[in-house]
Structure formats: structure tokens, C-alpha cells
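Read off the chains here:
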Protein chains: 2
Amino acid sequence: MKVRLAQKYGFCFGVKRAIAIAENNAHATTFGPLIHNSREIERLQRDFDVSLSESLEQAQSSNKVIVRTHGITKEDLQTLKTRGIKIIDATCPFVTKPQNIVEQMSKEGYQIIIFGDSNHPEVKGVASYGENVVIVGNVSEAMDYKFKKKVAVVSQTTKQPEQFGKLVGLLASKVNELRVFNTICNATFENQRAVFELSKEVDIMIIVGGKNSSNTKQLLKIAQDHCVDSYLVEDQDELEEQWFMGKTICGLAAGASTPDWIIQSVHKRIEQI
Amino acid sequence: MKVRLAQKYGFCFGVKRAIAIAENNAHATTFGPLIHNSREIERLQRDFDVSLSESLEQAQSSNKVIVRTHGITKEDLQTLKTRGIKIIDATCPFVTKPQNIVEQMSKEGYQIIIFGDSNHPEVKGVASYGENVVIVGNVSEAMDYKFKKKVAVVSQTTKQPEQFGKLVGLLASKVNELRVFNTICNATFENQRAVFELSKEVDIMIIVGGKNSSNTKQLLKIAQDHCVDSYLVEDQDELEEQWFMGKTICGLAAGASTPDWIIQSVHKRIEQI
């Protein structure tokens, strides 16, 4: 099987930075998964003794806590600080930005709207910096909602700009003053655009990434819009030969938290099919 | 012919206020038409000796100048002030608002976008309060435009909220920070909604208003979307009997600058057809 790689794929700036921080802080614990890729987390545990704490209680038992790329809530950060634990902040600067915006706009009396998935740790963290925050998952959710007169809106970093634009357009016709902060990450956007282009040119698309990764799931969705046979795999073992029957060219892309060593293994395996 | 009146029509707050100001300032001159209705301007001239100056030069020869509802440019206002002329400001407060916003946002370093018609006096006035202002007439004009990173957008008071929303949605996906001020006038919006509803229930729609009135032209456009036989008239003499052949019910609405006495004459004339 012939493989064509996306123009942009894999690790973004924030993920690279977080992994470097983890590698430089052996024996620390991360509060929540550092990035949304279980294979890479296993590697950090194995090679650098960086453990994973699934709860605040567990994290507090360590004396060195790395804050995950997606950030944590203001309250949890405060709790860790009051316990005198050494905190190493690996929050992606593109996530710190909406946290700061929400805090500032909330102080200035704006109602805060976050365009994002309310169950995602990034969104939970960002929301914790404001008062009476409304989280909107999609445009239709906002249709009948009564917003206040002064509204500020930010986006989860991994949302699609077109959808964000639609929400903002709706808000503009409903409120008096609207402050819009386009906090969608460029790297996310570039990976999305690359998948958009590639998926139109191939028979089958393979997206490599964590199944709990928001940006990876977005890539799958974009791929499926143009290439019916698009699949998300965490590693080469999840590839199924039957997917490739009758196909001649396979597109390959990967989420922002997918390490290169996994992408390479998947690439090799597809070529052998 | 049976006539059904729109739920809302005619004079808005700003027009009523301007006419009251003119009536209280006999012998003054207005710089540009006070409102976009030539019949009402003739009445003010006849009954109150309020004249119309078509140019700044002409206005300067008077010692009492009324600023029109649509406002004038910052430079023209300054010129009048330096000549020691008594200035009576009949600018609609809903127009003063975007003037102030544009001035403030421009000072704060935002690129200013005005959604409006670049030839309309309101837009010329509002634009004069900012530096490097971009005037966008419709969404498609903005598609390929390269905006700066920090953008503030206001609307001409008479634009349709849905179109404003579409422009804002596009901007949100193109810039980093966007400040949106929904400066569309509620009265305009209410007149629009009333025409929208009424035009779906009638055979023919008559919109009464000035042919140079932006809000009246918007009403005609909305009416035509649902009722093919929609016409704009300035007074009863412009009604053509042939329009009403085979029709049973006529909807009647009027722009925000149309005086009630004209609407009543048109109403009576249609009933006689």
C-alpha cells in the first residue's frame, strides 16, 4: 500500500514543550495525563519515572507535581500551592491564554461563553477562571439561549474555526457587546487543514492518535467528510488489513499529541499491507 | 382593497426627537437633510422656516445649524465649531454611539470595520471618528481581505442582524481578537421583523418612505423576499392601480423616517382602489 503523509501532523509546540519539561523532571508526578497519548505516557513512566496521578489526592502525596498541557482548575492549583508542593507548569501557553482572558473578562463584568466540550479537562480548567461561565458545545445549543448584554467568548484550542465563526455570528446578533478571542491553536488548525487537503486525494485515511484526544477526534471527523474510509488508531496493532482491500493510496496524519515513533511504526506497517 | 398594517412602522425615536428639535429651532438650517424624507423636510421649511443646506459652505452662512439625525463627520463638526456657529445636535443617539465606539477603539489600537454603505452619510460620519477605517458593504467583500490582529466592528444602524452576524462570524475565524458592537437600531429591527411577518400573509406589500432612506430600502428588500409584488412609494400619488389587480389584501408598512400623515394618505388611497 502506498502511503501519503499529511503536510503537517503530530506533535505541536505545547506537547513538545510538556514532554521536554517531563523529561527534565524525573520522578515527578503529573496531575492527570500530561498529554492525551497513553503510549507516550507509558514511555515517560518507564524511562523517566514520571508517574501519573489520576486524582488531586494522589497528586498531593508527591512533592513535585507537573501540571498537564491541558491545564487544571484554578481551585486545584490553589490546593496544590497551599500544600507547599513544588509545581512545574506544563500548561500549554495557548491554554494559559484563554484562562487569563476568562479571568480578566469576568472581572470586567462580561458573561463568559466557552465554545468547547464541557467534559474536556482544558475546558474545565479554563471555565474555573470565570464566574457563571456558559459552555457551548455546538452552535445549535446556543440558538435559544438568553445571553446577557455584554458577552466575551473564547474557544477550546482544538475547535474548528468555521464552527467558532458560526457561533460568534449568532452571538453578535443576540447581544449588545461581544468580545471575541480566537483562542483556537494554529498548530491544530494547520493539522486540520492538512487532513482536509489530503483526505480529498486518497482512498483511505489513517489518523494516528489517542482516542481521548480532542484534536485527534476532530481530525478523524474532517477526514470522514471527504474520505468515507477513515480510521483512528492508537498504534500499528489496531490496523485491520480488510480496511485496505481494493484501495491503492492511503493518507496518513496524526494528532498533536502523537509521538513520531508511533507514527513511524504505523507508516511502516501500512506499507507492508 | 383591504389593508393590513404592519405591527410596527414609521417614525423611530431618533426621527421623532430630530423633528421636535427642528420644530423648536425655527429659522435654523440643517446641514444635509434632517431625515431621509423629502415631504417632511418640505413641511419643516414651510411651517418652521427650517431650511436645508446641502453643503458645509452653505451651512456656515447660517448662525444656527442643526446636525442631521445621521450625524456629520468629525471634521465638519469641528469646522462649524471654530466658526462660532450655534450647533444644535439632532444626531440620533443610536448613531452617536458607534461614533464614540469607533473613536475609543481606534485610540486603543483596534482596526475598525464598519458594516455599512460607504456612501451613506451615517457611515461617513461614523468612519470619520477612527483611523484607517475599513467599510464593508457585504460579507463577500470581506472574504479575501487581510485584517489586522485586533479588530473592532460596528454596524450601520439599519443593517440586518443576520448579515451582521455572518460578517462577524467570518471575522472571528480570521483575527485574534475581535470586539463586536451590535449597533443595529432596535426600532429598525422591529420594523424589519414586522415587515417580515406581514409580507408572508398578504398578496401585495406597499412600503412608504424616502427612496434615499437606507432603512426603507431594507424593508422593501425583506418584503420582496416573501411577497413578489412589493413596492416602495414616497406618497399616495405614486401608487399605481394596476399593481392591485387580482389582489385581495394589501400589507402596509413604512420606514423610520416616514411621517404618519403620509402613511395615513397612502392608507386611505389604497382602501379606495
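Computed from a prediction, not measured in an experiment: that's the story for all the values here. (Residues numbered from 1 in each chain as written. Chains lettered and ligands numbered in written order. Predicted model: local features only at pLDDT ≥ 70, side-chain atom pairs only at ≥ 80, totals over all residues. Heavy atoms only, no water.)

### With respect to the side chain of D235(B)
Residue and element names in this part refer to chain B.
- Inspection of the secondary structure assignment puts D235 in the loop between strand 11 (230–233) and strand 12 (249–254).
- Polar side-chain contacts of D235 include one of 2.9 Å to the side chain of R39.
- When neighbours within four sequence positions are excluded, D235 is seen to be in contact with R39, I262 and V266. (Helix = DSSP H or I, 4+ residues; strand = E, 2+ residues; numbered from the N terminus. Polar contact = N/O pair within 3.5 Å; in protein donor to acceptor, adjacent residues only side chain to side chain. Contact = heavy atoms within 4.5 Å.)

### Quick look at the sheet that holds strand 9 (residues 177–181) of chain B
- Read from one edge of the open sheet, eight strands run 7(A)-6(A)-8(A)-9(A)-9(B)-8(B)-6(B)-7(B), paired in mixed fashion. Two strands bound the open sheet, and with one partner strand each, they are strand 7 (134–136) of chain A together with strand 7 (134–136) of chain B. Strand-to-strand, the axes of this sheet are offset by a mean angle of 20°, without reference to chain direction.
- Both strand 6 (residues 111–115) of chain A and strand 7 of chain A contribute to a ladder of three bridges, which runs parallel. Bridge assignment links I114(A) to a residue of strand 7 of chain A, and that residue is I135(A). (Pairing = 2+ DSSP bridges. Axes fitted to C-alpha atoms, helices over the stretch in contact; angles between N-to-C directions.)

### Details of the sheet that holds strand 1 (residues 2–5) of chain A
Residues and elements named next belong to chain A.
- What the four strands build is an open sheet, ordered 1-12-10-11; its pairing is parallel. The sheet is open, and its two edges are formed by strand 1 and strand 11 (230–233), each paired on a single side. Taking each pair of neighbouring strands and ignoring which way they run, the sheet shows an average axis angle of 25°.
- Examined bridge by bridge, strand 10 (residues 204–208) and strand 11 share four bridges and lie parallel to one another. The partner of I207 across the bridge, within strand 11, is L232.
- Each of strand 1, strand 10 and strand 12 (249–254) is contacted by helix 11 (residues 260–272), which is oriented at about 170° to strand 12, the strand it contacts most.

### Let's talk about the interface of chain B and chain A
- If you look at the interface, chain B gives 17 residues, while chain A gives 17 residues.
- Taken together, the two surfaces of chain B and chain A that pack against each other cover about 1300 Å², and 51% of this comes from carbon and sulfur.
- Scanning the region where chain B abuts chain A turns up two salt bridges.
- When the shortest N-O distance is used, the salt bridge between R179(B) and E177(A) registers 3.1 Å.
- Counting only elements with at least two residues in the side of chain B that touches chain A, the list comes to helix 8 (161–172) and strand 9 of chain B.
- Of the residues forming the side of chain B that touches chain A, the biggest block, six residues, is contributed by helix 8 of chain B. (Buried area = accessible area lost by both parts, 1.4 Å probe. Salt bridge = Lys/Arg side-chain N within 4 Å of Asp/Glu carboxyl O.)

### Here's the deal with the domain arrangement of chain A
Residue and element names in this part refer to chain A.
- Per the domain assignment, the segments making up chain A are domain 1 (2–8 + 187–272), domain 2 (13–91) and domain 3 (94–184).
- Centre-to-centre, using C-alpha coordinates, domain 1 lies 28 Å away from domain 2.
- Listed per partner, the contact involves 14 residues of domain 1 and eight residues of domain 2.
- At the boundary of domain 1 with domain 2, total buried surface from both sides reaches about 830 Å², with 47% on carbon and sulfur atoms.
- The largest share of the area that domain 1 buries against domain 2 comes from N212, S257 and W261, three residues that together contribute 47% of it.
- With its nearest N and O atoms 3.3 Å apart, the salt bridge here joins R39 to E234. (Domains from an automatic or database assignment.)

### Topic: the relation of the copies chain B and chain A
- Taken as rigid bodies, chain B and chain A are interconverted by a rotation of 180° and an axial shift of 0.0 Å, the fit giving an RMSD of 0.0 Å. In symmetry terms, the pair is related by a two-fold rotation axis.
- The share of interface residues of chain B whose copies in chain A are also at the interface is 100%, consistent with both copies meeting through the same surface. (Least-squares fit on C-alpha atoms with pLDDT ≥ 70 in both.)

### Notes on the environment of D117(A)
All names here are of chain A.
- Positionally, D117 belongs in the loop between strand 6 and helix 6 (121–127).
- On a C-alpha basis, the gap between D117 and I135 in space is 7.4 Å, while along the polypeptide they are 18 residues apart.
- Sequence-distant contacts of D117, that is, excluding residues within four places in its chain, are made with V123, I135 and Q156.
- Separated by 2.9 Å, the side chain of D117 and the backbone nitrogen of N119 make a polar contact.

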